[in-house]
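Residue-level structural notes
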Amino acid sequence: QLTMSLNSSTLLNEENSQGLKRNTLESPELQTPSSLQDNPLQQLQLASQEVLEKAKKSGRSKCPRCSSSRMFYCYTCFVPVETVPTKEIPVVKLPLKIDIIKHPNETDGKSTAVHAKLLAPDDVTIYKYPCIPEYKEKRHEIALIFPGPNSISVRDIAFHLQKYAKKGVCDNDDDCSREPFLKQAKIEPEEEKNLNERISSNRSEGTRLKKIVFIDSTWNQTNKIITDERLQGLLQIELKTRKTCFWRHQKGKPDTYLSTIEAIYYFLVDYHQEILKENYKGQYDNLLFFFSFMYTLIKNAKCCAGKE
């Protein structure tokens, strides 16, 4: 117990410098049994975290790229440290691409955005503001996760993207400018049917979400990014039913304001069920591979220090 207490306390101090981000996770389905209250993340279907246990015992290690001393992973190079073999870190395949826009003043070591890049490297890109992409031409297939008066729920995404899709399809498809089919005497019935199906297919494709944008910063820093003209006009989505379990939740903010990795995880779970219409069976749980491990260690450290 003494060893565990020392290790946990060391890691708690490490979190203050390497850290993670804003808030924490506690979904409704994880809140019920009293046995889950001590660790609301224990229902997750995670890969073995033995590699993290071993790394914790051996302490800080070098980043294989920049040689900086880190715990578990390098938050500037987005790679595991030498004591955490990449082959033992789970890889999560996402159903769409994710862009994370990081505020320049957001401390690298306190951001959970790096978790997403480490665990879904092929589908996640991190940008440091103001160096961000232009989204205007693709706004019919992109949405921004951010709470606000005009934000919608995940289940309403397809409906609201239609207004962008119709304009996008007509701008790029000459078929939209044609006269109604019945007035075009030269088009045979079979040709008309095929043309209808093609336009319908294009419009359906146009309403499909392909990329989600997340802002990675403290809540007090978000205004500079959210008001950037490059983000204007994007559909905004709010995750209103989830509660954070992050250990660095900002005072005065609602518990529905999530850390970056929580927001990504919960959005994907909702998207899988509401948009893809598939049963969720833990496909994205490993996005919380590092988060859940840190949650447990820091909670234990606080208990040992008599803070809970």
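Residues numbered from 1 in each chain as written. Predicted model: local features only at pLDDT ≥ 70, side-chain atom pairs only at ≥ 80, totals over all residues. Heavy atoms only, no water.

Taking an unreviewed UniProt entry as the reference, the chain is identified by name as tRNA-uridine aminocarboxypropyltransferase 1 belonging to Casuarius casuarius. UniProt annotates the chain under Sequence similarities (unreviewed entry) with the comment "Belongs to the TDD superfamily. DTWD1 family." Comment text from UniProt for the chain, heading Subcellular location (unreviewed entry), reads "Nucleus". (UniProt positions renumbered as here; feature names shortened; annotations may be inferred.)

What links the strands of a sheet is backbone hydrogen bonding, and the strands pair in either a parallel or an antiparallel sense. An order of S6-S5-S8-S7-S9 is seen for the 5 strands of this open sheet, with the pairing classed as parallel. Only two strands of the sheet have a single partner each, and these edge strands are strand S6 (124–128) and strand S9 (235–237). The sheet shows a mean angle of 25° between the axes of neighbouring strands, taken without regard to direction. Bridge count between strand S7 (residues 142–145) and strand S8 (residues 211–216): 4 bridges; the pairing is parallel. (Pairing = 2+ DSSP bridges. Helix = DSSP H or I, 4+ residues; strand = E, 2+ residues; numbered from the N terminus. Axes fitted to C-alpha atoms, helices over the stretch in contact; angles between N-to-C directions.)

A few words on the nonpolar core. Nonpolar side chains tend to gather and get buried jointly when the protein is soluble and globular. Of all hydrophobic cores here, the largest spans 58 residues; its most connected members are Phe267 and Leu287. When residues of this core are sorted by domain, at least three fall in each of domain 1 (50–87) and domain 2 (90–162 + 207–307). Beyond its immediate stretch of four places on either side in the chain, Phe267 contacts Leu96, Ile145, Val154, Ile157, Leu209, Ile212, Phe214, Ile237 and Leu239. Counting 14 residues, the second-largest nonpolar core is a separate cluster that includes Leu144, Phe146, Ile215 and Leu231. (Core = buried A, V, L, I, M, F, W, Y, C linked by side-chain atoms within 4.5 Å. Buried < 20%, exposed > 50% of the residue type's maximum accessible area, 1.4 Å probe, protein only. Domains from an automatic or database assignment. Contact = heavy atoms within 4.5 Å.)

Before going further, it helps to examine the confidence of the model for the chain. The predicted model of the chain averages 77 in pLDDT, with 66% of residues at 70 or higher. For the stretch residues 169–187, pLDDT sits under 50, and the model shows 22 contacts to residues farther than four places along the chain or on other chains. This stretch, residues 195–206, has a pLDDT under 50; its non-local contacts, to residues over four places away or in other chains, come to 17 contacts. (pLDDT = per-residue confidence, 0-100.)

This part covers the packing of aromatic side chains. One pair of aromatic rings is described through two measures. These are the centre distance and the angle between the planes. Here the structure, examined in full by the defined rule, presents 7 aromatic pairs. Consider the rings of Tyr73 and Phe290, whose centres lie 5.2 Å apart with planes at 70°: the pair is edge-to-face. Separated by 217 residues along the polypeptide, Tyr73 in strand S3 (residues 73–74) and Phe290 in helix H8 (residues 289–304) bring together distant segments of the chain. The same class applies to Tyr73 and to Phe290, which are both buried. Through pairs of rings, three or more aromatic residues link up here, namely Tyr73, Phe289 and Phe290. (Phe/Tyr/Trp six-rings, centres within 6.5 Å; stacked < 30°, edge-to-face > 60°.)

Every buried residue of helix H2 (residues 50–58) is accounted for by Val51, Leu52, Ala55 and Lys56. Taken around the axis of H2, the buried residues stretch over an arc of 140°, which confines them to a single face. Opposite the packed face of H2, turned more than 90 degrees from it, sit the exposed residues Lys54 and Lys57. Downstream of H2 by one or two residues, Gly59 has phi in the positive range, about 85°. (Arc of directions from axis to C-beta.)

Position of Ser111 among the secondary structure elements: in the loop between strand S5 (97–102) and helix H3 (113–119). Ser111 sits in the buried class, given a relative accessible area of 3%. A polar atom in the side chain of Ser111 sits 3.1 Å from the backbone nitrogen of Ala113. (Polar contact = N/O pair within 3.5 Å; in protein donor to acceptor, adjacent residues only side chain to side chain.)

Attention now moves to the pairing of S8. Taking burial as the measure, the 6 residues of S8 include 5 buried ones, the bulk of the element. One ladder, built from 6 bridges, connects S5 with S8; its direction is parallel. Across the sheet, residue Ile101 finds its bridge partner in S8, namely Ile215.

Its place among the elements puts Leu144 in strand S7. The spacing of Leu144 and Glu238 is 94 residues in sequence and 8.8 Å in space, taken between C-alpha atoms. In contact with Leu144, other than residues within four places in its own chain, are Val213, Ile215, Ile226, Leu234, Leu235, Gln236 and Ile237.

Below, the discussion takes up the packing of H2 against H8. Where H2 contacts H8, the two axes come as close as 11 Å, and the packing angle between them is 50°. Comparing their axes, H8 and H2 come out oblique. Note that H2 runs across H8; the crossing there is right-handed. In contact with Val51, Leu52, Glu53 and Lys56 of H2, H8 contributes Phe289, Phe290, Phe293 and Leu297. Here the contact of H2 with H8 is composed, by residue class, of 6 nonpolar, no polar and 2 charged. (Parallel < 35°, antiparallel > 145°, perpendicular 65-115°, else oblique. Left-handed = near helix turned anticlockwise from the far one by under 90°. Nonpolar A, V, L, I, M, F, W, Y, C, P; charged D, E, K, R; others polar.)

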